[in-house]
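# Tertiary structure, described
Here's the letter readout for the chains.
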Amino acid sequence: MKVGITCYPTYGGSGVVGTELGMELADRGHEVHFIGSALPFRLRRLDHSVIFHEVEVMNYPLFEYPPYDLALATKMGEVARSSNLDLLHVHYAIPHSVSAFLARSMMAPKKLPFITTLHGTDITLVGINSSYWGITRFAIEQSDGITAISKDLQKNTLREFEIQKTIEVIYNFVNCQKYCRRQNEEYRHEFAPKGEKILVHLSNFRPVKRVTDVVEIFARVHPQVPSKLLLIGDGPDCAAAETLAHKRGIREHTFFLGKQENVEETLGIADILLLPSEMESFGLAALEAMACETPPIASRVGGLPELITHGVDGFLADVGDIQTMAEYALRLLQDPALCSKVGHAARQTAMNRFSSSLIIPQYEDLYRRVVEQAR
Ligand code: GMT
């Protein structure tokens, strides 16, 4: 099929899912057209079956806010026409599904169905804001197919937006061949030259991620177990995390790695992942760590309990309960046999329930149904 994908190109889970999905689809013989403001940051290939179309937004002194969503809709229509797209698949409702709705309307009577995948904050934070509620609900209702990345998000969306249509749950996925344990002693040595344990966190450092909790947990672990903390990503709370690390006297044991393209290399050498988020509709970072046999310690919130079975393939604690999270971290780090057992179980969960080979066919099936229905 010929699929147009739009996602945020910046650092964020929905952009990662949209990008990885596009690459997986191309591997399976589809032609994928990314349409967006910039090249998605994890897009590692551009060739005859993965094509990028840049949306250029014309600015004008009259515009206080350049209308990106209109430029995107125009581009979607152009690409659909020139490349004969079968459908559009947009990730994150705002404003992508509104642009897709406009593009579909402009293309009539030619059919250009669109699918909206809801990721989390487009519903739980931004979409429910009164400035966006009405248009978000409209665009979701207008979608030819709607998916949510967890049952929790499906339930929240149905409740908050009183949606009458079916919202299918298609879980996030991980490529278990690419994401696996790494025996890269040289890389590990860069951070932990004396064989210290490695804790890792991966996010966009937004307040919802509670990155300062990560530092607080590490501040409780470090005195008991020689260890290092690796922080992957960047965002508004990066400075606060660094200040706190100074205050707690652990700055020299904390590495701020910034945005990274190949996160699997770092996740694959870590001992545990910390994800103490306020809200997480799925928790892709936890899944990627699990595929690498790195047990996650996360908040019992949103879709995380659908991914992590407490005490089996990771640990869950209440939001903000840094003491309990630190205790789970110590339990794992002080008992290598337990850590390895939980790590193996985590990999099994990733392979048996969330591997790309299981999830991508679910999207393909949805594409076929949506195109068929549009005809
Ligand atoms: O706020 C974020 O974490 C970014 C956001 C996004 O859309 O980029 O992440 C959401 O989508 C991810 C991919 O589906 C999920 O794994 C995250 O759990 C979800 N974030 C939240 O719900 C806070």
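Residues numbered from 1 in each chain as written. Predicted model: local features only at pLDDT ≥ 70, side-chain atom pairs only at ≥ 80, totals over all residues. Heavy atoms only, no water.

Attention now goes to the sheet that holds strand S13 (residues 315–317). Strand order in the open sheet formed by six strands is S10-S9-S8-S11-S12-S13, and the pairing between neighbours is parallel. One side of each edge strand has no neighbouring strand; the edge strands of this open sheet are strand S10 (254–258) and S13. This sheet shows a mean twist of 20° between the axes of neighbouring strands, independent of strand direction. Direction of pairing for strand S8 (residues 197–202) relative to strand S11 (residues 272–275): parallel, over a ladder of two bridges. (Pairing = 2+ DSSP bridges. Helix = DSSP H or I, 4+ residues; strand = E, 2+ residues; numbered from the N terminus. Axes fitted to C-alpha atoms, helices over the stretch in contact; angles between N-to-C directions.)

So, about the site of the ligand. For the ligand, the set of nearby residues contains 18 residues, the closest of which are Ser-14, His-119, Lys-209, Glu-280 and Ser-281. Here His-119 contributes a side-chain N or O atom positioned 2.6 Å from an oxygen atom of the ligand. In the model, an oxygen atom of the ligand is placed 2.8 Å from a nitrogen or oxygen of the Lys-209 side chain. No other element matches the three residues that helix H1 (residues 13–27) contributes to the shell around the ligand. (Near = heavy atom within 4 Å. Polar contact = N/O pair within 3.5 Å; in protein donor to acceptor, adjacent residues only side chain to side chain.)

Before going further, it helps to spend a moment on the domain arrangement of the protein. The accessible area lost on association of the parts is a frequent measure of interface size. Each domain of the protein was delimited in the assignment, giving domain 1 (2–173 + 356–374) and domain 2 (185–353). If you look at the interface, domain 1 gives 22 residues, while domain 2 gives 24 residues. Buried surface at the junction of domain 1 and domain 2, both sides included, amounts to about 1700 Å², of which 56% is carbon and sulfur. Along the contact surface separating domain 1 from domain 2 lie one salt bridge. On the surface where domain 1 and domain 2 come into contact, there are seven residue pairs in polar contact (both at pLDDT 80 or more). Of all elements in the fold, only H1, helix H6 (151–161) and helix H15 (356–374) reach the threshold of two or more residues within the side of domain 1 that touches domain 2. Examining the composition of the side of domain 1 that touches domain 2, we find that four residues originate from one element, H6, more than from any other. Of the residues that constitute the side of domain 1 that touches domain 2, the class distribution is ten nonpolar, eight polar and four charged. (Domains from an automatic or database assignment. Contact = heavy atoms within 4.5 Å. Buried area = accessible area lost by both parts, 1.4 Å probe. Salt bridge = Lys/Arg side-chain N within 4 Å of Asp/Glu carboxyl O. Nonpolar A, V, L, I, M, F, W, Y, C, P; charged D, E, K, R; others polar.)

Another point: the environment of Ile-146. Inspection of the secondary structure puts Ile-146 in strand S6 (residues 145–148). Accessibility expressed as a relative area gives 3% for Ile-146, which makes it buried. Between the C-alpha atoms of Ile-146 and Phe-34, which are 112 residues apart in sequence, the distance is 19 Å. Not counting chain neighbours up to four residues away, the residues in contact with Ile-146 comprise Thr-116, Leu-118, Ile-140, Ile-163, Lys-165, Thr-166, Ile-167 and Glu-168. (Buried < 20%, exposed > 50% of the residue type's maximum accessible area, 1.4 Å probe, protein only.)

Turning to the pairing of strand S2 (residues 31–36), a few remarks are in order. In terms of burial, S2 is a largely internal element, five of the six residues being buried. Bridge count for strand S1 (residues 2–6) against S2 is four bridges, and the pairing is parallel. Bridge pairing in S2 links Ile-5 to Phe-34. Relative to strand S3 (residues 50–54), S2 runs parallel, the two being bridged by five bridges.

With that settled, consider the packing of aromatic side chains. According to the stated counting rule, one finds ten aromatic pairs in the structure shown. Pairing Tyr-8 with Tyr-92 gives two aromatic rings, centres 5.4 Å apart and planes at 80°, and the pair type is edge-to-face. Taken together, the residues Tyr-8 in the loop between S1 and H1 and Tyr-92 in the loop between strand S4 (87–91) and helix H3 (96–107) connect sequence positions 84 residues apart. Residue classification places Tyr-8 among the partly exposed positions, given a relative accessible area of 30%. Centre to centre, the rings of Phe-315 and Tyr-328 are 4.7 Å apart; their planes meet at 25°, and the pair counts as stacked. Of the two residues, Phe-315 is situated in strand S13 and Tyr-328 in helix H13 (residues 322–333); the sequence distance between them amounts to 13 residues. The residues Phe-315 and Tyr-328 share a single accessibility class, namely buried. What links up through ring pairs into an aromatic cluster is the set Tyr-171, Phe-282 and Phe-354. (Phe/Tyr/Trp six-rings, centres within 6.5 Å; stacked < 30°, edge-to-face > 60°.)

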